[in-house]
Amino acid sequence: MTGESRQAADVLAGTRRLMVVTGAGMSRDSGVPTFRDSLTGLWSQFDPQELATEQAFRANPSRVFGWYLDRWRQVRDIEPHPGYHALTQLREWLDWLTVATQNVDGLHATAGNGNIIELHGLLSAFRCLDEGHPYDSAKLQEIRVPEDGAFDPPECPQCGSPIRPGVVWFGEALPADAVQRAWSAADECDSMLVVGTSSIVYPAAELPEIVLAKGCPVVEINPTATPLSGLVSVSWRERAAVALPALVEHLISATARVQ
Ligand code: APR
């Protein structure tokens with residue numbers, strides 16, 4: 001193990017109640033683009049004000065719906081990388097492991113981790129704009145999106161309002177139950193792992209601050225520094241798919257030794 005990985009493993013060695021907070025970088029190694037990486041991030045190629053707000057959807061529903069349909073299709077068949085499976089494995093070993101993710105791709109659940117808090121919703125949880133009636137994504141499977149990427153959203157069979165993706169857009173509140181669960185988990189955990197987030201989007205960025213304020217260790221895994229890096233116990237400059245399996249292997253063997 002390198003210096004940082006050793007430090008991360010040492011800091012988390014005694015944990016029994018671990019909260020994991022993940023962002024777009026967690027899925028990068030599975031091939032999903034992040035938002036803010038300078039060359040490959042979605043927001044370096046697209047303007048979020050034109051795609052990720054309710055106003056944008058109302059102004060140009062076909063462009064916004066087509067873009068999300070395309071993103072949903074890209075993530076639908078993606079396999080979770082070994083870092084995802086490592087977290088699922090770690091859950092078996094600890095008394096308690098809760099994942100709060102800002103990601104909308106559903107990869108934590110695909111990797112079999114059951115206790116997931118989806119703070120920013122799920123791409124696949126299509127629903128209608130006005131009433132929130134759920135819409136079966138199976139009906140969208142066969143749609144061919146034209147070259148220009150625009151596709152008119154279907155109408156809700158119950159109320160006729162347009163169908164939107166199940167993500168939280170800028171300016172919208174996070175789902176109340178997710179917030180309640182995540183903030184309770186931050187109170188209850190004895191340590192936190194923060195993986196692949198730029199830690200600048202609130203309220204999710206507040207979660208590590210809660211854990212730091214109560215004096216518990218926080219470990220960050222991210223190839224580049226973030227505003228959180230200087231505050232945490234260990235900031236490990238590594239990719240999620242490399243760091244997590246190594247960390248989990250170490251934690252499990254350390255736990256096995258004391259049992
Ligand atoms: N492993 C771990 N981290 C990585 C990797 C990797 N392989 N590749 C990149 N990263 C890091 C980047 O260094 C960056 O700090 O992942 C982070 C991704 O940051 P953002 O693109 O800002 O994603 P995130 O923090 O999840 O964004 C929060 O902003 O636009 C909204 O709703 C969107 O949920 C998103 C929110």
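Scroll up for the structure.
Note that the structure is a prediction, hence the values are computed from the model and not measured. (Residues numbered from 1 in each chain as written. Predicted model: local features only at pLDDT ≥ 70, side-chain atom pairs only at ≥ 80, totals over all residues. Heavy atoms only, no water.)

1. Some points on the packing of aromatic side chains
Next, step 1: A full pass over the atoms with the stated rule returns nine aromatic pairs.
Next, step 2: Judged by centre distance (5.3 Å) and plane angle (85°), the rings of W72 and F126 are edge-to-face. Separated by 54 residues along the polypeptide, W72 in helix α6 (residues 61-76) and F126 in strand β4 (residues 121-128) bring together distant segments of the chain.
Next, step 3: Note on W72: relative accessible area 4%, which makes it buried.
Next, step 4: With relative accessibility at 2%, the residue F126 sits in the buried group.
Next, step 5: The structure contains a cluster of three or more aromatic residues connected by ring pairs, namely F35, W43, F46, F57, W67, Y68, W169 and F170.
Next, step 6: Residue placement shows R17 over the ring face of W96; its charged tip is 4.8 Å from the ring centre.
Next, step 7: Above the face of the W72 ring, R76 is positioned so that its terminal group lies 4.7 Å from the ring centre. (Phe/Tyr/Trp six-rings, centres within 6.5 Å; stacked < 30°, edge-to-face > 60°. Helix = DSSP H or I, 4+ residues; strand = E, 2+ residues; numbered from the N terminus. Buried < 20%, exposed > 50% of the residue type's maximum accessible area, 1.4 Å probe, protein only. Lys NZ or Arg CZ within 6 Å of the ring centre and 35° of its normal.)

2. Things to note about the pairing of strand β6 (residues 191-195)
Next, step 1: The element β6 is extensively covered by neighbouring structure, given that five of its five residues are classed as buried.
Next, step 2: Of the two faces of β6, both are covered, the one formed by S191, L193 and V195 as well as the one formed by M192 and V194.
Next, step 3: Relative to β6, strand β1 (residues 17-22) runs parallel, the two being bridged by five bridges. In the strand pairing of β6, T22 is matched with V195.
Next, step 4: Across four bridges, β6 lies against strand β7 (residues 218-221) in parallel orientation. For L193, the partnering residue across the bridge sits in β7 and is V219.
Next, step 5: Since β6 and β7 lie parallel, the crossover through helix α10 (residues 206-213) that links them has a hand, and here it is right-handed. (Pairing = 2+ DSSP bridges. Right-handed = clockwise from strand over helix to strand, strands pointing away.)

3. Side note on the pairing of strand β5 (residues 163-167)
Next, step 1: In terms of burial, β5 is a largely internal element, five of the five residues being buried.
Next, step 2: Two elements, β4 and β5, share four bridges in a ladder whose sense is antiparallel. Bridging from a neighbouring strand, C128 pairs with I163 of β5.

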